[in-house]
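# Survey of secondary and tertiary structure
Letter by letter, the chains look like this.
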Amino acid sequence: MSVTERLLPVHAPMLQFPTQGGELLVGGEKLSLLAARVGQTPFYAYDRALLQARVAELRAVLPPTVKLHYAMKANPMPAVVGWMAGLVDGVDVASAGELAVALDAGASAAEISFAGPGKRDVELRQAVAARVLINVESFREVAVLAAAATELGLPARVAVRVNPDFELKGSGMKMGGGPKQFGVDVEQIPELLALIGRAGLAFEGFHLFAGSQNLRPESICEAQQKSYELALRLAAHAPAPVRFLNLGGGFGIPYFPGEQRLDLTTIGENLRQLAERARQDLPQASLVIELGRYLVGEAGVYVCRVIDRKISRGQVYLVADGGLHHHLSASGNFGQVVRKNYPVTIGNRLDAQEHETASVVGPLCTPLDLLADRMSLPVAQVGDLVVVFQSGAYGASASPQAFLGHPRCLEVLV
Ligand SMILES: *Cc1c(COP(=O)(O)O)cnc(C)c1O
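Strand order across the open sheet formed by three strands is β1-β2-β3, with antiparallel pairing between neighbours. This sheet does not close on itself; its edge strands, each paired only once, are β1 (19-20) and β3 (29-30). Sheet topology note: the β1/strand β2 (residues 23-26) ladder contains two bridges and is antiparallel. If you follow Q20 over to β2, its bridge partner there is E23.

Set out below in C-alpha cells:
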C-alpha cells in the first residue's frame, strides 16, 4: 500500500447488518432469498429490529423527560410509520398527505405536529379537524387557522416555528438562520404571538429547527442551547404557558468516506442539563427532539441487480436495474455539492477473495445515473445484487421514479 492509499479516508464500517455465507442478512433473511420473496429488484428493505435498536439506543442516552419524535418525511412508507409510531413519542408531518399516513398508522393526534413553509388553507383546516399541533410559520397561517377553528368549533392548537438568528454549524442542509422560507424571523415573533393571542388560537409552544445531517456533537449542543435560550426569551411574550419546546434535531449519519458515527454522549448530557433548567424555567413544558434520518437511515438498504457488465477503455461498469430514479441521494443529486460515494457493496459476494475497481451505474440515459464511482468492490457478475447502505432515509420518496419510464421500486419492512 502506498502512503496516499493509506491516507485515503474510508467509509465507516456497516456492521449493523450481519452476514452469513458471504451474504448480507436483512431482517434476519439472506439477501438473495429476500429478493426472491420480494419478487423483483430493485427494492428498499428496512430492518425492524434495527429501527427498534436505534430508538432504544437513543432512549438510553436521552433524559427520560425528553420526547422523541419521528420526522416522517425521512421515510413515509406506511408500514415504517406504523412501526415507528409504536416506538417514539410523536410523529412530525410536513403535509396533509403525511398527516393522513400518520393518522392511518395509529399515531396519536395529540402527539402529531405539522410543519412546513407552504401549508395550503385546506391543509390547515384538515390539521385543525384532526386536532394536531400546527407549527405556525407565517402571519397568514394565523388568520386561516382562526377562521377554520371558528368554522369547525374546535381549538387550533399551535406552536410557533422560529427562524432563529443563528445557524446549526456544519450542517449538510441549513434550515434556520439568515433569510429563510421556514418559520418566522425571531424579530417578528412578539408581534406574531400577540396576533395568536388576539385570534384566540391555543398556543402550546415553540419549534426551532436549524439544520440537518450534522455529525458534530458540539455544534448540535450549541444549537440546542441557543434554541433553549431563545425560546425562554420569547416565552415572556407568549399568550399561554409553553407546553412543548421542540429543539429540532439534525443528528446525522455517516454516508461518505471519512465520516464517523455521531457520539451521543455529550448531546445526551446537554439535553439532561436543559431538561433540568426547563423544570424551573418552563415548568409545564416538555422538551422535544425531532429526528428523521438518524432514526431510519442506517436501518435501510437499497438493492438492485447487475444486468450487464461492461469494460470501457479499461474501466469496469456494472450496469444495474436500479439507479438515480429510485435513489437520487446515492446518485449524488440530492443536495450534495461534490459527489461522493455512499457505502456500496455486492451483497451476495461478501466473502469474495477478489476485488476490483468498478463503477455501478443505472439504466438511465444520463451520466448522472451513478450509484458508485470507481469503488473497490467484490468482483461482480450479471445477476449479482448491488447493495447501497444508509438508504433508510430520503430514498424512494425523495427520488424521481417516473423519470425515463423504468419500473418503480418496491419497499419492504422486514
Ligand atoms: C426534514 C425535517 C426534519 C428531519 O430532518 P433529518 O435530517 O431527517 O433528521 C425534522 N424537522 C423538520 C422541521 C424538518 O423539515
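Y70, M84, F206, L245, F251 and L295 are the most contacted members of the largest nonpolar core, which totals 133 residues. When residues in this core are grouped by element, the largest group, eight residues, is from helix α9 (residues 217-235). Mapped onto the domain boundaries, this core takes at least three residues apiece from domain 1 (19-47 + 297-413) and domain 2 (115-291). Aside from chain neighbours lying at most four places away, what touches Y70 is N75, V80, V81, M84, V88, G90, V91, D92, L291, G292, L295 and V296.

The next thing to look at is the packing of helix α6 (residues 121-130) against helix α7 (residues 139-152). Where α6 meets α7, the closest approach of the two axes is 9 Å, and the angle between their N-to-C directions is 50 degrees. What the angle tells us is that α6 and α7 run oblique. Every pair of crossing elements has a handedness; the one defined by α6 and α7 is right-handed. Note on element contacts: α7 touches α6 through R140, E141, V144, L145, A148, A149, E151 and L152, opposite D121, L124, R125, V128 and A129. Split by residue class, the contact of α6 with α7 holds eight nonpolar, no polar and five charged.

Another aspect to go through is empty space enclosed by the protein. One pass over the structure, following the stated rule, counts four cavities of 30 Å³ or more. Estimates place the volume of the largest cavity at around 100 Å³. Lining of the largest cavity is provided by 14 residues; of these, H69, S113, L133, F244 and V288 occupy positions nearest its centre. When the residues that make up the lining of the largest cavity are grouped by side-chain class, the tally is seven nonpolar, five polar and two charged. A volume near 60 Å³ is recorded for the second largest cavity. Forming the boundary of the second largest cavity are 13 residues, of which L168, A210, A223, L247 and G249 lie nearest the centre. Class assignment for the residues of the lining of the second largest cavity results in seven nonpolar, six polar and no charged.

Before going further, it helps to examine the site of the ligand. Around the ligand sit 13 residues in total, of which K73, S212, E290, R293 and Y394 are the nearest. With respect to the ligand, the side chain of S212 contributes an N or O atom lying 2.4 Å from an oxygen atom. At 2.8 Å from an oxygen atom of the ligand is found a main-chain nitrogen or oxygen belonging to R293. Look at the ligand: alone it shows 390 Å² of surface, and the protein chains cover 93% of it. Across the shell around the ligand, the residue classes tally to five nonpolar, four polar and four charged.

Residue alternation in strand β6 (residues 90-93) divides its side chains into two sets, G90 and D92 and V91 and V93, and both sets are buried. Inspection of the sheet shows strand β5 (residues 67-71) paired to β6 by three bridges, in the parallel sense. Its bridge partner lying in β6, H69 is registered against G90. What joins β5 to β6 is helix α4 (residues 78-85), and the crossover it makes is right-handed. In this structure, β6 lies alongside strand β7 (residues 112-114), joined through three bridges in parallel fashion. Paired with V93 across the bridge in β7 is F114. In this fold, the crossover linking β6 to β7 by way of helix α5 (residues 96-104) has right-handed handedness.

As a further point, take the pattern of salt bridges. Taken as a whole, this structure holds 21 salt bridges when the rule is applied. Between D121 and R140 there is a salt bridge, with its nearest N and O atoms 2.8 Å apart. Pair noted here: D121 is in helix α6 and R140 is in helix α7, with a separation of 19 residues, a long-range link. Of the residues examined, R140 reaches a relative accessible area of 39% and is grouped as partly exposed. Salt-bridge contacts for D373 lead to R374; the nearest nitrogen and oxygen are separated by 3.0 Å. A relative accessible area of 26% places D373 in the partly exposed class. Salt bridges sharing partners connect three or more residues here, namely R54, E57, R261 and E298.

Next up on the list: the domain arrangement of the chain. Domain annotation of the chain identifies domain 1 (19-47 + 297-413) and domain 2 (115-291). Distance from the C-alpha centre of domain 1 to the C-alpha centre of domain 2: 36 Å. On the side of domain 2, six residues touch domain 1, which itself brings eight residues to the contact. Buried area between domain 1 and domain 2, summed over both chains or domains, comes out near 770 Å², and the portion from carbon and sulfur atoms is 60%. Of all residues in domain 1, E298, K340 and Q390 bury the most surface against domain 2, accounting for 48% of the area lost on that side. Inspection of the domain 1/domain 2 interface yields one salt bridge. R261 is paired through a salt bridge with E298; the nearest N and O atoms lie 2.7 Å apart. At the junction of domain 1 with domain 2, the criterion picks out two residue pairs in polar contact (both at pLDDT 80 or more).

Turning our attention to the environment of L291. By secondary structure assignment, the location of L291 is in strand β15 (residues 286-291). Exposure remark for L291: the relative accessible area of 1% places this residue in the buried category. Between the alpha carbons of L291 and M72 there is a distance of 8.6 Å; along the sequence they are 219 residues apart. When near neighbours in sequence (up to four residues on either side) are disregarded, L291 contacts L58, L68, H69, Y70, A71, G249, G250 and F251.

Thresholds applied
Residues numbered from 1 in each chain as written. Predicted model: local features only at pLDDT ≥ 70, side-chain atom pairs only at ≥ 80, totals over all residues. Heavy atoms only, no water. Pairing = 2+ DSSP bridges. Helix = DSSP H or I, 4+ residues; strand = E, 2+ residues; numbered from the N terminus. Core = buried A, V, L, I, M, F, W, Y, C linked by side-chain atoms within 4.5 Å. Buried < 20%, exposed > 50% of the residue type's maximum accessible area, 1.4 Å probe, protein only. Domains from an automatic or database assignment. Contact = heavy atoms within 4.5 Å. Axes fitted to C-alpha atoms, helices over the stretch in contact; angles between N-to-C directions. Parallel < 35°, antiparallel > 145°, perpendicular 65-115°, else oblique. Left-handed = near helix turned anticlockwise from the far one by under 90°. Nonpolar A, V, L, I, M, F, W, Y, C, P; charged D, E, K, R; others polar. 1 Å grid on protein atoms, 1.4 Å probe; cavity = no way out; pocket = protein on both sides within 12 Å on 5 of 7 lines; lining within 4 Å. Points joined across faces, edges and corners; volume = space filled by probe spheres on them. Near = heavy atom within 4 Å. Polar contact = N/O pair within 3.5 Å; in protein donor to acceptor, adjacent residues only side chain to side chain. Areas by Shrake-Rupley, 256 points an atom, 1.4 Å probe, with all protein chains shown as cover. Right-handed = clockwise from strand over helix to strand, strands pointing away. Salt bridge = Lys/Arg side-chain N within 4 Å of Asp/Glu carboxyl O. Buried area = accessible area lost by both parts, 1.4 Å probe.

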